[in-house]
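So you can see what is in the structure, the chains are spelled out below.
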Amino acid sequence: MLLSGGRSRPAARVEQRSRYLLNSRRTVRNHQRIRSRTMTAAASSTQRPVSVADEVRAARRVFDSGKTRALSWRVEQLRALETMLTERSGELEQALLHDLGRKPIDGYIADIYSVRTESAYVRKNLGKWTRDRRVRTPLSMGPGRARVHRQPLGTVLIIAPWNYPLHLALMPLIGALAAGNTVVLKPSELTPRCSAALADLLPRYLDADAVRVVEGGVEETTALLNEKFDHIFFTGNETVGKIVMAAAAKTLTPVTLELGGKSPVWVDDTFPIEKAADWIAWGKCTNNGQTCVAPDYVLTTPDVAPRLVDALRDSIRRLYGDDPKSNPDYSRIVNERHTARLIGLLESGTVALGGAHDLGDKYIEPTVLVDVAADSPVMREEIFGPILPIVTVENLDEAVATIRAGSHPLAAYAFTTSEAVQATLVRETSSGSLTINALMLQLGIPDLPFGGVGASGMGSYHGEHSVRVFSHERSIFRRGNFSDFLLRIARPPFTERSEKQLRR
Ligand code: NAD
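As the structure is a prediction and not an experimental result, all values here were calculated from the model. (Residues numbered from 1 in each chain as written. Predicted model: local features only at pLDDT ≥ 70, side-chain atom pairs only at ≥ 80, totals over all residues. Heavy atoms only, no water.)

## Topic: the packing of aromatic side chains
One pass over the full model with this rule turns up 10 aromatic pairs. Geometrically, the ring pair formed by tyrosine 320 and tyrosine 330 is edge-to-face, given 4.9 Å between the ring centres and 65° between the ring planes. Highlighted residues: tyrosine 320 in helix H11 (residues 305-320) and tyrosine 330 in the loop between H11 and helix H12 (336-345), separated in sequence by 10 residues. According to the relative accessible area criterion, tyrosine 330 is buried, its value standing at 2%. Taken together, a centroid distance of 6.0 Å and an interplanar angle of 45° make the contact between phenylalanine 450 and tyrosine 461 tilted. Of the two residues, phenylalanine 450 is situated in the loop between strand E16 (433-436) and strand E17 (457-458) and tyrosine 461 in the loop between E17 and helix H16 (464-469); the sequence distance between them amounts to 11 residues. (Phe/Tyr/Trp six-rings, centres within 6.5 Å; stacked < 30°, edge-to-face > 60°. Helix = DSSP H or I, 4+ residues; strand = E, 2+ residues; numbered from the N terminus. Buried < 20%, exposed > 50% of the residue type's maximum accessible area, 1.4 Å probe, protein only.)

Here it is in structure tokens:
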């Protein structure tokens, strides 16, 4: 039988196979190239300068050399990052297990697969996103051509937190490299194994001169903040966000702040309660609630609340059985300080589900609190743990008023099939994102900007937004020089005639 194009099926198969072999050979060659570069990088990193100021100066020198501006360099960096995530997935998963007790498959999905997918998406679209964009030239300004030219900012600082220690270091790194910057990356000291893995692996796979990892805690971050950067990208809590912004203000350095907040979930009886409970139990317990876009608390009416508690009991049991403590799928709080803080929050209401804890084991059972007053401690701060307060309100208006009374959250959620309710939430509330009938999936849609508003942050990234945040959009206008009509009439000496022409 002939296929379109007149080839027989076996012939097409042979062709397909040889194309496959060619591609695999190309991939192997790419890997070999990366490996040999890796070894050179590792060798040269032994003679590296050590002070924070030296690192920044060296990164700036590399930027000034111009090599990071080439599209080919940027694409190569992203490809190398993807190779690193593929080849080193095992040891990165072990680092996550060590630092956060996170099961390897959880670590793989949240910190490895998601980053690799984002990198490939950005890499494939980079040519299009970095091409000059022509804009209309008004007749009165012409003849000429106006365009927007994206250029890298220079040397940027990325400060990452501990809760998704690889994801939140590497996602901004993708944007920074894609835009052609050199980078100083500061991972969180609270996840030391992940920090060490980044410091070890990134220079082996990426251009070690252009991407520099500075490990350490407050002291090192403070030293970094004393240096001059072209942009600072910070992910973490609001208090440190203010420190970063104050430091940046001294040198008028632009900042992106990816902060947190109390993300509310509205649940009403138009949506199947059991399904809503399944989503909420999963969202609240994933990474032990230590997710910036985790559902923080539920707003619902008094008739729905008890049904939701019952449904949550079943959902949690389905996820972790009767003893979450001994279930390897259930991770732990990052350290004893945060565990003690969470234990304190259990006093803020009546424990309807869970409530067990073990400070030494950094364990908090999945917990639901009811009878929670709006001004109780658990409602005053971001929970960042597996404790879910259910706040009852008379109606949607009261729920909207409760959301508006606090700072703008990073995420807002609603389980409702009522289009009127959905429209009210879109119109009457503000947050980094609003997701309806699901939780946290907004993160996986690369064309949606990810970021906060007000106290939950400033600026956003992911996909093309990441390239934009790390680029300067430069206006370029080239005027044709064969007409000087505008120049003639728009400058003194004004005559009656030229004034008339101008006014017209
Ligand atoms: P963290 O303690 O790891 O801090 C983040 C970074 O700030 C670290 O690199 C740390 O070394 C540095 N740092 C800490 N104290 C400092 C100081 N006094 N001066 C200078 N630098 C300092 O992480 P965290 O802040 O506890 O993370 C949790 C918070 O981050 C939550 O509020 C969460 O919602 C938010 N978060 C937001 C996002 C987002 O994408 N918007 C993602 C994850 C976490």
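Now, onward.
## Focus on the side chain of arginine 212
Note that arginine 212 resides in strand E5 (residues 211-213). Exposure remark for arginine 212: the relative accessible area of 4% places this residue in the buried category.

## Some details on unusual backbone geometry
A cis amide bond, omega 0°, links glycine 142 with the succeeding residue proline 143. Position of proline 143 among the secondary structure elements: in the loop between strand E1 (133-135) and strand E2 (144-152). The amide bond that connects proline 492 to the next residue, proline 493, takes the cis arrangement and shows omega of -5°. One non-glycine residue, leucine 252, lies in the positive phi region at around 50°. Positionally, leucine 252 belongs in the loop between helix H9 (238-250) and strand E7 (255-258). Its identity as a non-glycine residue notwithstanding, lysine 362 has a phi of 55°, on the positive side. Within the secondary structure, lysine 362 is located in the loop between strand E11 (357-358) and strand E12 (363-364). For lysine 362, a relative accessible area of 28% gives the class partly exposed.

## Concerning the sheet that holds strand E10 (residues 350-353)
Where strands meet in a sheet, backbone hydrogen bonds hold them as pairs that are either parallel or antiparallel. Ordered by their spatial adjacency, seven strands build an open sheet running E10-E13-E14-E9-E8-E15-E16, and the pairing between neighbours is mixed. In the strand order of this sheet, the two ends are held by E10 and E16, each with one partner. Across this sheet, the average inter-strand angle for adjacent strands is 25°, counted without regard to direction. Two strands pair when backbone bridges link them, and strand E8 (residues 264-267) and strand E9 (residues 297-300) are joined in this way by three bridges, in the parallel orientation. By the bridge assignment, tryptophan 266 is partnered in E9 with leucine 299. Helix-sheet contacts for helix H14 (residues 396-405) involve E8, E9 and strand E14 (387-392), and the interaxial angle to E9 is about 150°. (Pairing = 2+ DSSP bridges. Axes fitted to C-alpha atoms, helices over the stretch in contact; angles between N-to-C directions. Contact = heavy atoms within 4.5 Å.)

## As for the site of the ligand
Neighbouring the ligand are 27 residues; Lys186, Glu189, Asn237, Leu259 and Glu382 lie closest to it. Within the backbone of glycine 236, an N or O atom sits 3.0 Å from an oxygen atom of the ligand. One of the backbone nitrogen or oxygen atoms of leucine 259 is found 2.6 Å away from a nitrogen atom of the ligand. Elements with a minimum of two residues in the shell around the ligand: helix H8 (218-225), strand E6 (231-235) and H9. Classifying every residue of the shell around the ligand gives 16 nonpolar, seven polar and four charged. Residues from two domains meet in the shell around the ligand; each of domain 1 (48-258) and domain 2 (264-447) gives at least three. (Near = heavy atom within 4 Å. Polar contact = N/O pair within 3.5 Å; in protein donor to acceptor, adjacent residues only side chain to side chain. Nonpolar A, V, L, I, M, F, W, Y, C, P; charged D, E, K, R; others polar. Domains from an automatic or database assignment.)

Read these as spatial facts, not as claims about activity.
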